[in-house]
Amino acid sequence: MTLYLQFLIDAILLSGIYALMSLGLSLSLGVTRILNFTHGEAVMLAAYGAFWPFFLFGTDPLLALPVIIVLAFLAGAGLFRFFLQDMIKVPHFNQILLTFGIALVLQNIAVILWHGDLRSATPDYALEAIDLGVAFIPVGRLIGFGLAVVLSGALFVWLRYTFAGRAVRALAEHRDAAALMGIDILKTYRLSFGISTALAAASGVILSMISPISPFLGLSALIKSIEIIVLGGIGSLVGTILGALILGVAETAVAYFVPDGSGWAPGVGFSLLFLILILRPRGVRGQAVEI
Amino acid sequence: MIKPLLSWFGPLLLAVLLAAIASTGGRATDWVFQVAVIIPLAISWNVMSGAGLLSLGQSAFWGIGYFASAIVSHASHGSFGESLLVSLAAGALTGIALAILTGRLRGVFFAIATLALSEGLRVVATMLPDFTGGAAGIYVNSALMPAQSTLMATAIGFAGVSLLASLILARSPMQLALRAMRDNEHASQMLGINPLFYRTLVAGGCGAMAAVGGCLAGWRGGYVTPEIAFDLNYAILAQIAPILGGIYTVPGPILGAAAVVVLSELTRLLLAQEGYGLLVYGLVLALAIKYMPFGIYGSLLARIRSKAARIDQSHAPAASPDWADDRSAKSDVELDVRGLSAGYGEAEVLRDVSFELKRGEVICLLGPNGAGKTTLTRALMGLLPAGGTVTFQGQSMLDRPTHERVNKGIALVPEGRQVFPNLTVEDNLLLGAYAARARSARLKKLDEIYALFPRLSERRAQQAGLMSGGEQQMLALGRAMMSEPELLILDEPSLGLAPKIIVSVFDAVKKIADTGISIVIVEQNAFAGLSIADRFYVLGRGRIVRSGDRSNIEGILSDPNSLLGISEPDQATEKAGGCVA
């Protein structure tokens, strides 16, 4: 019983962090139809952004978080402005490969600067756990989960109730019609790339608090995010959250109940991806936009 | 004459390069070998991309072949030749399985699946140590190692076979089917092309090709771990080589493979530290995609073509007259369109369309299917690039983006309504007031629209996509009115609606016109359009062919055949079916 309760706690905490990691990618893909391969690198760079102040000055990653979010927003908007804005009409192939190339550059700048070693920025309190008697709640993951809930909630409220948020949703549904509403398409694209990157960065800071980081973190974060988005259904943010829940639960289950499970965990998303592609290629929630 | 010659440029350059490298000795054989095994890898990626199968995980096939070298020789003491056959079969089967499993996936999805496949295989290889040696790796059975010269000859031979295969494919009728699939898989299906069959064929063949390349590399490497075999490096090499050389072309992958190997060896010589190699690949990939999307081969070709084109330039048409100077300064002209031309790519749909609209006037632009009606409305709104001049309230519009035109007071109700289907009715309407000119007064305007269309008020919380065509048309109209336009353009508001609904839509348009807003109705349904118009124009084959005022309209409404009489004889048949509903 205790095992199952602990499993449930771990699965849900992991799912929350996964949701935050993938929501941004889901947003930018749904709005611009460009799959941004630098998304994972934003997670990785933000993790280092939290690590260095912590390592050098003992700065709490949570204090660095607002600064990192702002910088990431600017970087994401800048990425769109300077690399993708003049390429919105070229085939998707080229856009994907361009962001893939940029991602490679970012990853390997990190490899060159910081080498492949594992590091972590875990403050002492994040290592503690709340003892419930029957199960433990790891504090670091709980904080991460809380942040994920707050930031995702803020995203949903912003999309639902503000003019800019409504413009983003309109653009995801119909580009020309959105332009006819007087929406500045390119500005809205930049905005969604900025928000997307900021959310990725927030998840990177959380990851640095709860697990070791390396320059190769970005690729696995990217692949997980993509798996989550496809699981949930492209273009649906609610679907993305469901996808994160499915992946989080499945990975935790494999780690808990399969011998040698933690080694297999990275393969879980891959298997789920193929399963969903065969059974229900439009995702759990149904694909909301055509790519 | 030049093109067939140029298609041999690649192999020729390769031969020169190989000769040059071979003469330097030392590491040169390494270079040659690498080029030779990367060629099949690059060709396999290129052929798959050419069929619309963008692979980001070509290392999956490569890695399977790489492992085959060690597993076959080690576990079952199979020979070099047998391992090649095994890798060929395993690569083909993996490709076929991938194609079938991802049968319904296009573009991005397929790319994701390949990336996941490669990473997944790496995990599997690591977690099955009994079979693959696990993370510790496995050695190729050195007792069975062929002579280095045999290995080299086989690699060069196989590169040649791959090149030949891609050359034959490029000349075969199948190439056309693959191109159609790349362009638009749905459309290709309607032409009788079975995408699944071709996908399976292409993925199987390319999987086999890449796997054999990997197997050869495995024999030369002598040692395999999951990290080495499924190294994403090779997935990246597989993309960079064709892109750098010239994507979708036959010589591209060969040129690119040579360039990439030279590049990576130079990087290794100059910047030995980990990371620089991939950094350079990333830079090259990004720069090539952005600044040289047709690659080395493509830019060579373009240079030759531009020489040929220079001769033709004397035939270019003279620049169109500058209508801007001639602009009428009359203050009551709301919209002045002069010499408007627009189209899609090379196909010009509108040629020299001129008309004007006075403030508060309602005009109807009539035209049959294909006359360019929707092209005209899109050009007026800036959704399509256009030539000529469009002057709204004395200000030139053509160089402004769509959202600025909306903010100046032009609104379009687009063809097919284009409501935001997953948003609520109210969200759709509020989006109509997104423009700064309308945003502050949006709630007042919302009440006005609900008063005009009570139906929308009842359904304000419903998803727009769930409403009937007539209701959606009301919503599109209301949404356009939310931006407080001074000029309203309607593109076929009657399209797909029952006659009774059409009447109520045009009643609403009439009410809007009575408030003094200038209106352009673009219609195929002459009765509906003319019923509320002050003047009309007839658009045929991309230009204005006739125009008329109220007196003509009354004549037409009482005698529909008179519309046929005022159009050009060669359009009469079209109009009979199109305009007079």
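Residues numbered from 1 in each chain as written. Chains lettered and ligands numbered in written order. Predicted model: local features only at pLDDT ≥ 70, side-chain atom pairs only at ≥ 80, totals over all residues.

Brief notes about the overall build of chain B
In step 1: Across its full length, chain B carries 28 helices and twelve strands.
In step 2: Evaluated residue by residue, chain B yields a buried proportion of 50% over its 581 residues.
In step 3: Summarising the internal contacts of chain B: among those between residues at least 6 apart in sequence, 72% fall at separations of at least 24. (Helix = DSSP H or I, 4+ residues; strand = E, 2+ residues; numbered from the N terminus. Buried ≥ 20, exposed ≤ 12 C-beta atoms within 10 Å, placed from the backbone. Contact = placed C-beta atoms within 7 Å.)

Observations regarding the overall build of chain A
In step 1: In terms of helices and strands, chain A carries twelve helices and two strands.
In step 2: Computed over the C-alpha atoms, the radius of gyration of chain A is 19 Å, within 12% of the 19 Å expected from 2.2 N^0.38 for a compact globule of 291 residues.
In step 3: When its C-alpha atoms are laid out on the principal axes, chain A stretches across 60 × 45 × 35 Å.
In step 4: In chain A, which comprises 291 residues, the share counted as buried stands at 58%.
In step 5: Residue pairs at least 24 apart in sequence account for 77% of intrachain contacts in chain A once pairs closer than 6 positions are excluded. (Rg over C-alpha atoms; globule rule 2.2 N^0.38 Å.)

Some words on the environment of L231 of chain A
Residue and element names in this part refer to chain A.
In step 1: Here L231 is to be found in helix α10 (residues 217–232).
In step 2: Spatially, the C-alpha atom of L231 lies 4.9 Å from that of G283, the residues being 52 residues apart in sequence.
In step 3: Setting aside anything within four residues of it in sequence, one finds L231 in contact with G243, I246, L247, L272, L273, I276, G283 and V284.

With respect to the domain arrangement of chain B
In step 1: According to the domain assignment, chain B contains domain 1 (2–301), domain 2 (326–409 + 487–578) and domain 3 (419–485).
In step 2: The straight-line distance from the C-alpha centre of domain 1 of chain B to that of domain 3 of chain B is 54 Å. (Domains from an automatic or database assignment.)

Quick look at the interface of chain B and chain A
Where interface size is quoted, it is often the accessible area lost as the parts come together.
In step 1: Taken residue by residue, the interface counts 59 residues in chain B and 49 residues in chain A.
In step 2: Going through the elements one at a time, α6 (107–127), α13 (232–245), α15 (276–291), α18 (402–408) and α19 (425–432) of chain B are the ones with two or more residues in the side of chain B that touches chain A.
In step 3: Among the elements that take part in the side of chain B that touches chain A, α6 of chain B stands out by supplying 14 residues, more than any other.
In step 4: Considering only residue class, the side of chain B that touches chain A consists of 37 nonpolar, 16 polar and six charged. (Nonpolar A, V, L, I, M, F, W, Y, C, P; charged D, E, K, R; others polar.)

Overview of the sheet that holds strand β4 (residues 347–358) of chain B
Residue and element names in this part refer to chain B.
In step 1: Taking strand neighbours across the sheet as the criterion, the four strands line up as β4-β3-β6-β7 in an open arrangement whose pairing is antiparallel. One side of each edge strand has no neighbouring strand; the edge strands of this open sheet are β4 and β7 (395–396).
In step 2: Note that strand β6 (residues 386–392) and β7 share two bridges and pair antiparallel. The partner of T391 across the bridge, within β7, is S396.
In step 3: The strands touched by helix α17 (residues 373–381) are β3 (333–344), β4 and β6; relative to β4, the strand with the most contacts, the crossing angle is about 70 degrees. (Pairing = 2+ DSSP bridges. Axes fitted to C-alpha atoms, helices over the stretch in contact; angles between N-to-C directions.)

Section: the environment of C215 of chain B
All names here are of chain B.
In step 1: Its location among the elements puts C215 in helix α11 (residues 195–221).
In step 2: In this structure the C-alpha to C-alpha distance between C215 and K500, which are 285 residues apart in sequence, comes to 71 Å.
In step 3: If sequence neighbours within four positions are ignored, C215 has contacts with G65, Y66, A68, S69, S83, L84 and S87.

With respect to the pairing of β4 of chain B
Side chains on a regular strand alternate between the two faces of the sheet.
Residues and elements named next belong to chain B.
In step 1: Sheet topology note: the β3/β4 ladder contains eight bridges and is antiparallel. Looking across to β4, one finds that V337 is bridged to F355.
In step 2: Hairpin connection, β3 to β4: the antiparallel pair is bridged by two residues, and G345 has positive phi, about 60 degrees.

Observations concerning the nonpolar core
In step 1: Residues A47, A202 and V205 of chain A together with I38 and L285 of chain B are the most contacted members of the largest nonpolar core, which totals 286 residues.
In step 2: Excluding its chain neighbours within four sequence positions, the residues that come into contact with A47 of chain A are G204, V205, L207, S208, I213 and L217 of chain A. (Core = buried A, V, L, I, M, F, W, Y, C linked by C-beta atoms within 7 Å.)

Overview of the sheet that holds strand β9 (residues 487–491) of chain B
Residues and elements named next belong to chain B.
In step 1: Strand order in the open sheet made by the six strands is β8-β9-β10-β5-β11-β12, with mixed pairing throughout. Two strands in the sheet have a free side with no partner beyond their single neighbour: β8 (410–413) and β12 (543–549). Averaged over all pairs of adjacent strands, the angle between their axes in this sheet comes to 20 degrees, without regard to strand direction.
In step 2: Here strand β5 (residues 362–366) runs beside strand β11 (residues 535–540); their pairing, made up of four bridges, is parallel. Its bridge partner being in β11, I363 is matched across the sheet by R535.
In step 3: Against the sheet, helix α23 (residues 469–481) makes contact with β8 and β9, and its axis sits at roughly 170 degrees relative to β8, the strand it touches most.

A look at unusual backbone geometry
All names here are of chain B.
In step 1: Look at Y248: it is not a glycine, yet its phi comes out positive at around 70 degrees.
In step 2: By secondary structure assignment, the location of Y248 is in the loop between α13 and α14 (252–270).
In step 3: Since 20 C-beta atoms lie within 10 Å of it, Y248 is described here as buried.
In step 4: The backbone of Q393 shows a phi angle near 50 degrees, a positive value even though the residue is not glycine.
In step 5: Look at Q393 and you get partly exposed, because 17 C-beta atoms sit within 10 Å.

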